[in-house]
Amino acid sequence: MSASLAETVSWVDVPPGSPFPLHNLPLGVGRRTDGTVGAFVAIGDQALDLAEAAGTGFLDDSPAEYGLLDAGGTLNGFAAAGRSAHRALRRRLMELFTDRTREAQLSPLLVPIDELTMVLPIAVGDYVDFYSSLHHATNLGRLFRPDGEALMPNWRHIPIGYHGRSGTIVPDGADIPRPHGLRLVAGGPQYGASNALDIELEVGFVVGAPSDRGYPVAVADADDHLFGVCLINDWSARDIQAYEYQPLGPFLGKSFATSMSPWIVTLDALEPYRVEPVEQDPPVANYLHATGATGFDLYLEVLVQSETMRASGSEPIVIARTGFADIYWTAAQQLAHMTVNGASLRAGDLFASGTVSGPIPGSEGSLIEQSWRGERPIPLPDGTTRSFLLDGDRITIRGWAGSDPGSRIGLGSVTGTITPGHLTTTEH
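Residues numbered from 1 in each chain as written. Predicted model: local features only at pLDDT ≥ 70, side-chain atom pairs only at ≥ 80, totals over all residues. Heavy atoms only, no water.

Regarding the overall build of the chain
And then number 1: Helices and strands together make up the secondary structure of the chain, namely 11 helices and 26 strands.
And then number 2: At 22 Å, the chain has a C-alpha radius of gyration in line with the 22 Å of a compact globule built from 428 residues.
And then number 3: Considering only C-alpha atoms, the chain reaches an extent of 70 × 55 × 45 Å along its principal axes.
And then number 4: Counting over 428 residues, the chain shows a buried share of 53%.
And then number 5: Of the contacts formed within the chain by residues at least 6 apart in sequence, a portion of 72% connects residues at least 24 apart.
And then number 6: Averaging the coordinates of the 28 positive side-chain charges in the chain and doing the same for the 50 negative ones gives two points 2 Å apart. (Helix = DSSP H or I, 4+ residues; strand = E, 2+ residues; numbered from the N terminus. Rg over C-alpha atoms; globule rule 2.2 N^0.38 Å. Buried < 20%, exposed > 50% of the residue type's maximum accessible area, 1.4 Å probe, protein only. Contact = heavy atoms within 4.5 Å. Lys, Arg positive; Asp, Glu negative; His and termini not counted. Charge placed at Lys NZ, Arg CZ, Asp CG, Glu CD.)

Pasting the structure below:
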């Protein structure tokens, strides 16, 4: 990032170290204390109501005509307007936040973020979850196939993924009821609550401009169809997953809940944090070939807080730190692969990276890797250990772009708390 951009001063008071400095300006949808819902842009610890700003005429020179909040209370309509519209709004907002002559008029439109209840920023159409971290795929391969090859033969040739359930994408703060299903117990299938509830630390990408069915999106054109980035926790019931995944892959072990962070960081905000992707060996098919800096220099953390820790006032602890720059399959390649068969994109479609893990202990993005399937339980400050999640456990995922604290921007965070699940009516 250029020093001039990081040092540009806004009339809005932005606390030092804030995840939302002037050069971020993420977009989200929030509910005020009076129940009204609006589209907001975050700066520092405050958020500007974009509809009110548009109503005053401050956004007349930006793409406000596309609608900053559609009839469904989401950003889908604005996302669909495409990259040029997203860029124009961002440029206009930066002008307004650095023009001191606008302070008196715009200050009343600012709301403290902690007074907003953030909801899902988009209505998710299709949700696809990938399996793009080499370290994660290798770890799971070694766990489940200790006597065979860690990676399946196709893993280095195509971005592996599955089509998930958009209806169970949940917002930040939503409780996660423990799922029930069939698991192998004493060698046979038995219905009950999952005893191997896990997390998956992921980066999500939100589709903006749609595409036509029958026309694949090229890797080089992927950015034109992306709105921005968020954080994802793709909760996973490993015991349910283990019984069901052959021959068709993940289903009930994944579809019960996926948490999405509330603020969408636009692609233009992330431009200074682009990096060259890792070298792919063997060479990929032509439709997946990419040039240039198609990766992102992101940093991610997982925090856990047990119910006992909350009761005693103990703060959450970090159990994982990892980076995203070495992800094997990039977002551009994932999007190209999703559409190579002619499948179309819709504004609000969401696809995720899959679990992001690093090469060293403590950089694994799931508990099954960190505890090595229970062989190395994770110690907590309350004197207990975790191989998988217990009821009352609260997980927070947070992240940022850039290694320099003075110029990095935040991706926000997403939190979920495990609660007891619900039996089927026949089991009551």
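Some words on the sheet that holds strand β20 (residues 298–305)
And then number 1: The strand order across the open sheet built from 5 strands is β9-β26-β25-β20-β21, with neighbouring strands paired in mixed fashion. Because the sheet does not close on itself, it has two edges, and the strands there are β9 (175–177) and β21 (317–323). When the angles between neighbouring strand axes are averaged without regard to direction, this sheet yields 20 degrees.
And then number 2: Where strand β25 (residues 394–401) and strand β26 (residues 409–419) come together, 8 bridges link them in antiparallel fashion. Residue pairing across strands places A401 opposite I409, the latter belonging to β26. (Pairing = 2+ DSSP bridges. Axes fitted to C-alpha atoms, helices over the stretch in contact; angles between N-to-C directions.)

Overview of the pairing of β20
And then number 1: Of all 8 residues making up β20, 7 are buried, and the element is well covered by its neighbours.
And then number 2: Examined bridge by bridge, β20 and β21 share 6 bridges and lie antiparallel to one another. The partner of E301 across the bridge, within β21, is R321.

Some thoughts on the packing of aromatic side chains
And then number 1: Inspection of the entire model under this criterion finds 10 aromatic pairs.
And then number 2: On the numbers, 6.1 Å between centres and 80 degrees between planes, the contact of F78 with F227 is edge-to-face. Linking F78 in helix α3 (residues 76–80) with F227 in strand β14 (residues 226–233), this pair joins segments that are 149 residues apart in sequence. Side by side, F78 and F227 carry an identical accessibility label, which is buried.
And then number 3: What links up through ring pairs into an aromatic cluster is the set F130, F205, F296, F324 and F351. (Phe/Tyr/Trp six-rings, centres within 6.5 Å; stacked < 30°, edge-to-face > 60°.)

A closer look at the sheet that holds strand β3 (residues 46–49)
Each strand in a sheet pairs with its neighbour through backbone hydrogen bonds, running either in the same direction (parallel) or in the opposite one (antiparallel).
And then number 1: Strand order in this open sheet of 5 strands is β4-β3-β2-β1-β5, and the pairing throughout is antiparallel. The open sheet has two edge strands with one neighbour each: β4 (110–112) and β5 (117–119). Neighbouring strand axes in the sheet, compared pairwise and without regard to direction, differ in orientation by 50 degrees on average.
And then number 2: For strand β1 (residues 27–31) and β5, the ladder comprises 3 bridges, and the chain directions are antiparallel. Bridge pairing in β5 links G30 to M118.

A closer look at the pattern of salt bridges
And then number 1: Tallied over the entire structure, the rule returns 20 salt bridges.
And then number 2: The shortest N-O distance in the salt bridge between D99 and R102 comes to 3.7 Å.
And then number 3: Relative accessible area serves as the criterion here: at 27%, D99 is assigned to the partly exposed category.
And then number 4: We classify R102 as partly exposed; its relative accessible area is 25%. (Salt bridge = Lys/Arg side-chain N within 4 Å of Asp/Glu carboxyl O.)

Considerations on unusual backbone geometry
And then number 1: Omega for the bond connecting Q246 with P247 falls within 30 degrees of zero, at 5 degrees, which places this linkage in the cis form.
And then number 2: As for its position among the elements, P247 is in the loop between α7 (238–244) and β16 (258–260).
And then number 3: The omega torsion across D281 and P282 is 5 degrees, close enough to zero to call that bond cis.
And then number 4: With respect to the element layout, P282 can be found in the loop between β18 (274–275) and β19 (295–296).
And then number 5: Of note in this structure, W372 is not a glycine but carries a positive phi near 50 degrees.
And then number 6: Locating W372 in the fold gives a position in the loop between α11 (367–370) and β23 (378–379).
And then number 7: Unusually for a residue other than glycine, R373 sits at a positive phi of about 60 degrees.
And then number 8: The class for R373 is partly exposed, based on a relative accessible area of 45%.

Concerning the environment of L116
And then number 1: Along the chain, L116 turns up in the loop between β4 and β5.
And then number 2: Considering only alpha carbons, one finds L116 and V37, 79 residues apart in sequence, at a separation of 9.3 Å.

Section: the nonpolar core
Buried together is how nonpolar side chains tend to be arranged in soluble globular proteins.
And then number 1: Judged by nonpolar contacts, the single largest core of 53 residues is most densely connected at F205, L270 and F351.
And then number 2: With 5 residues, the top contributor of residues to this core is helix α10 (residues 331–339).
And then number 3: Setting aside anything within four residues of it in sequence, one finds F351 in contact with V128, F130, V203, G204, F205, V207, L226, A331, Q334, L335 and M338.
And then number 4: With 40 residues, the next largest nonpolar core counts L22, A53, M94 and V119 among its residues. (Core = buried A, V, L, I, M, F, W, Y, C linked by side-chain atoms within 4.5 Å.)

Quick word on the environment of D234
And then number 1: Here D234 lies in the loop between β14 and β15 (236–237).
And then number 2: Each C-alpha atom of the pair D234 and A123 lies 17 Å from the other, and the pair is 111 residues apart in sequence.
And then number 3: If near-sequence neighbours (up to four positions away) are discounted, D234 is found in contact with Y127, D129, Y162, I199, E200, E202, K254, A257 and T258.
And then number 4: Side chain to side chain, D234 and Y127 meet in a polar contact 3.3 Å long. (Polar contact = N/O pair within 3.5 Å; in protein donor to acceptor, adjacent residues only side chain to side chain.)

A few points about helix α4 (residues 83–98)
And then number 1: The first and last C-alpha atoms of α4 sit 23 Å apart over 16 residues, in line with the 22 Å expected at 1.5 Å per residue.
And then number 2: Inspection of α4 places R83, A85, H86, A88, L89, R90, R92, L93, M94, L96 and F97 among the buried residues, and these make up the whole buried set. (Expected span 1.5 Å × (residues − 1).)

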